[in-house]
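# Examining the three-dimensional arrangement
This is what each chain is made of:
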Amino acid sequence: AEKGVCWFKITANGTPGHGAMPHENQALPHLCLAAHKLSKEGLPFHAPKIVRRFIGEVAARLPLLQGLALKQVTRGALSDYVTDNLIPDKSRARNFRNMVHNLATPTKMQAGQAVNVIPSQAELWVDGRILPETTVAAFLDEVKTLIGPDFTIDILTAEEALQTPHDNDFFTTL
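The present account deals with the structure reproduced in this document.

What counts and what doesn't
Residues numbered from 1 in each chain as written. Predicted model: local features only at pLDDT ≥ 70, side-chain atom pairs only at ≥ 80, totals over all residues. Heavy atoms only, no water. Salt bridge = Lys/Arg side-chain N within 4 Å of Asp/Glu carboxyl O. Helix = DSSP H or I, 4+ residues; strand = E, 2+ residues; numbered from the N terminus. Buried < 20%, exposed > 50% of the residue type's maximum accessible area, 1.4 Å probe, protein only. Axes fitted to C-alpha atoms, helices over the stretch in contact; angles between N-to-C directions. Parallel < 35°, antiparallel > 145°, perpendicular 65-115°, else oblique. Left-handed = near helix turned anticlockwise from the far one by under 90°. Contact = heavy atoms within 4.5 Å. Nonpolar A, V, L, I, M, F, W, Y, C, P; charged D, E, K, R; others polar. Pairing = 2+ DSSP bridges. Core = buried A, V, L, I, M, F, W, Y, C linked by side-chain atoms within 4.5 Å.

Scanning all chains against the criterion turns up 4 salt bridges. Across the pair R53 and E57 runs a salt bridge, and its minimum N-O distance is 3.1 Å. Residue R53 and its partner E57 are both found in helix α2 (residues 49-60); the two are separated by 4 residues, about one turn of the helix. With relative accessibility at 37%, the residue R53 sits in the partly exposed group.

Following this line, the structure appears as structure tokens:
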């Protein structure tokens, strides 16, 4: 299986003005909050069948207690606790965490033309990665739920997750 891709741009609009006269309806700070939510809060838990199977097979090869702990990665409520606290290798823990969450990673931001002008618009580009069993539309709904309704989202490119059957002669030979 391979995660799907959804690259998109989030646009926030606000009231332009002079930097010496700040106000409440500024596009850039509003968009920064959305970027922060995507980076720090993340998207909801999912445990696609193929991920449950993979983690189950890895867990079966570990000592009993480690295997039982690893299986909790696919069980929602304990998933983040296990990846944050029980897997000592943080790179490996991050990989397991990413197997049960769609990802929306802010990668580029643009706003304004001058340092003393409050821009009327701010844009954020995001690299989205979509788990198997999640559609592009469902993924974008998760993003909208997290960041709120006051943004425009434009899809730049999108492909659903790819799953190929592995219970066949080719994979048996491998």
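Moving on: the packing of helix α4 (residues 79-86) against helix α5 (residues 90-98). Packing of α4 against α5 brings their axes to within 8 Å, and their N-to-C directions diverge by 165°. Taken together, the axis directions place α4 and α5 in an arrangement best described as roughly antiparallel. The element α4 and its partner α5 pack so that their crossing is left-handed. Across the interface between the two elements, D80, T83 and D84 of α4 pack against K90, A93, F96 and R97 of α5. Split into classes, the residues belonging to the contact of α4 with α5 amount to 2 nonpolar, 1 polar and 4 charged.

Counting buried residues along strand β5 (residues 121-130), 7 of its 10 residues qualify, which places the element largely inside the surrounding structure. Bridge analysis of strand β1 (residues 4-13) against β5 gives 10 bridges, and the strand direction is antiparallel. Its bridge partner lying in β5, W7 is registered against D127. Pairing of strand β3 (residues 103-111) with β5 involves 8 bridges; the strand directions are antiparallel. Among the inter-strand pairings, M109 is bridged to a residue of β5, identified as L124.

As for its position among the elements, E142 is in helix α6 (residues 136-147). Apart from residues lying up to four places away in sequence, E142 is in contact with L43, P44, H46 and N102.

Attention now goes to the side chain of T11. Looking at the secondary structure, you find T11 in strand β1. Assessed through its relative accessible area of 6%, T11 is described here as buried.

Positionally, A104 belongs in strand β3. In this structure, the C-alpha to C-alpha distance between A104 and Y81, residues 23 residues apart in sequence, is 21 Å. Contact partners of A104, with chain neighbours within four places excluded, come to F8, L38, L43, V126, D127, G128, F139 and V143.

Across soluble globular proteins, you tend to see nonpolar side chains buried next to one another. Ranked by size, the top nonpolar core spans 23 residues in total, and within it F8, I10, L38, A104, F139, V143 and I147 carry the most contacts. Mapped by element, the contributors of at least two residues to this core are β1, α1 (27-41), β5 and α6. With 6 residues, α6 is the largest single contributor of residues to this core. V73, I87, A93 and F96 belong to the second-largest nonpolar core, a separate cluster that totals 10 residues.

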